Amino acid sequence: MPQLNMTPLIDCVFLLLIFFMVATSFAPIPGIRVKLPPPGLPQSASKPENLVLRISDPEPGTSVGVMVLNDNVISMDRLLSAFQGATLKQKDMLIIQSGRSVYHEQIVTIMDLAKRADIKKIGFAMVARESI
Amino acid sequence: MAPMIDCVFLLLIFFMVASQTRVPPRFPVELPDSLTRHAFPMKRFNLYIGREGLMSVDDNMMNGYDDLEIFLAKNKKNIETLIIKADRLALHGYVIDAMERAKRAGIEELAIGVKEGGGTGISVD
């Protein structure tokens, strides 16, 4: 009685196994969680007790815009201590008012510092436009 | 031989079911670094934003924000968390516009993708 030759099938299965083992990645993606407010018109969230950080568009040749925290010009090095020194009420919300040409990296760094200083919410304020 | 072949078949089935292959964008994206970070399971529907403002969801290029909004609204049911992977030198305006469109499309939770292997692994909830 002729026997079925299993060798090519096993070769094939081994090749598939190697492909899936190499192509699979189980590592999770690192990121910063952002919960969006409900849809509708933009809200005016600014209150006198909020922390307000204004960032100007970077000057040509520079990568960081000038930052003003509650009317005081501040550098990135001192931002964490300023956030940590804020009152509990101020830590409820940080409002970032930035120009459109500020680099994403600067915003992520500020979000990182705010999270480390236990600021609960971050709001982005932009100039309202008719349509985007 | 038979037990080994059984074992290999089981491994093959495991990897076929569990695997999620990574779909890279068609343009380079260098993510910013951050010390605080959460871990998100690798899933489809990552929004890539290049430094020139190019956008793609996985490898589907988007021709503007209207296109993005329609795409996101169509796939809303399958998107638990939209991970925005913007280049560190992309303009903040592009990211905000994309977030606005995601909100309009009904997406409730976003994540800002940061560099893999960077930071110190501080997790914040």
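All values derive from a computational prediction rather than experimental measurement. (Residues numbered from 1 in each chain as written. Chains lettered and ligands numbered in written order. Predicted model: local features only at pLDDT ≥ 70, side-chain atom pairs only at ≥ 80, totals over all residues.)

A. Up close: the nonpolar core. Membership of the largest hydrophobic core comes to 43 residues, with the highest contact counts inside it found for Leu 47, Ile 49, Leu 82, Ile 84 and Ala 98 of chain B. With six residues, helix H3 (residues 104–116) of chain A is the single largest residue contributor to this core. Ignoring anything within four residues of it in the chain, the contact list for Ala 98 of chain B reads Leu 47, Ile 49, Met 55, Leu 68 and Ile 84 of chain B. (Core = buried A, V, L, I, M, F, W, Y, C linked by C-beta atoms within 7 Å. Buried ≥ 20, exposed ≤ 12 C-beta atoms within 10 Å, placed from the backbone. Helix = DSSP H or I, 4+ residues; strand = E, 2+ residues; numbered from the N terminus. Contact = placed C-beta atoms within 7 Å.)

B. Highlighting the pairing of strand E1 (residues 29–35) of chain A. Across three bridges, E1 of chain A lies against strand E1 (residues 38–40) of chain B in antiparallel orientation. In the strand pairing of E1 of chain B, Ile 29 of chain A is matched with Phe 40 of chain B. Two elements, E1 of chain A and strand E6 (residues 109–113) of chain B, share five bridges in a ladder whose sense is antiparallel. Bridge pairing in E6 of chain B places Ile 32 of chain A opposite Ile 112 of chain B. (Pairing = 2+ DSSP bridges.)

C. Layout of the pairing of strand E5 (residues 82–86) of chain B. All names here are of chain B. Counting buried positions along E5 gives five out of five residues, so the element sits mostly inside the fold. What you see with E5 is no split at all: Leu 82, Ile 84 and Ala 86 on one side and Ile 83 and Lys 85 on the other are buried throughout. Both strand E2 (residues 46–49) and E5 contribute to a ladder of four bridges, which runs parallel. Bridging from a neighbouring strand, Asn 46 pairs with Ile 83 of E5. Where E5 and E6 come together, three bridges link them in parallel fashion. In the sheet register, Ile 84 faces E6, and the bridge partner there is Ile 112. What joins E5 to E6 is helix H3 (residues 92–104), and the crossover it makes is right-handed. (Right-handed = clockwise from strand over helix to strand, strands pointing away.)

D. View of the sheet that holds E5 of chain B. Pairing within the open sheet is mixed, and its seven strands lie in the order E1(B)-E1(A)-E6(B)-E5(B)-E2(B)-E3(B)-E4(B). Looking at strand neighbours, the two that pair on one side only are E1 and strand E4 (60–62) of chain B, the edges of this open sheet. Ignoring which end each strand starts from, the neighbouring axes of this sheet average 35° apart. (Axes fitted to C-alpha atoms, helices over the stretch in contact; angles between N-to-C directions.)

Read these as geometric descriptors, not functional statements.
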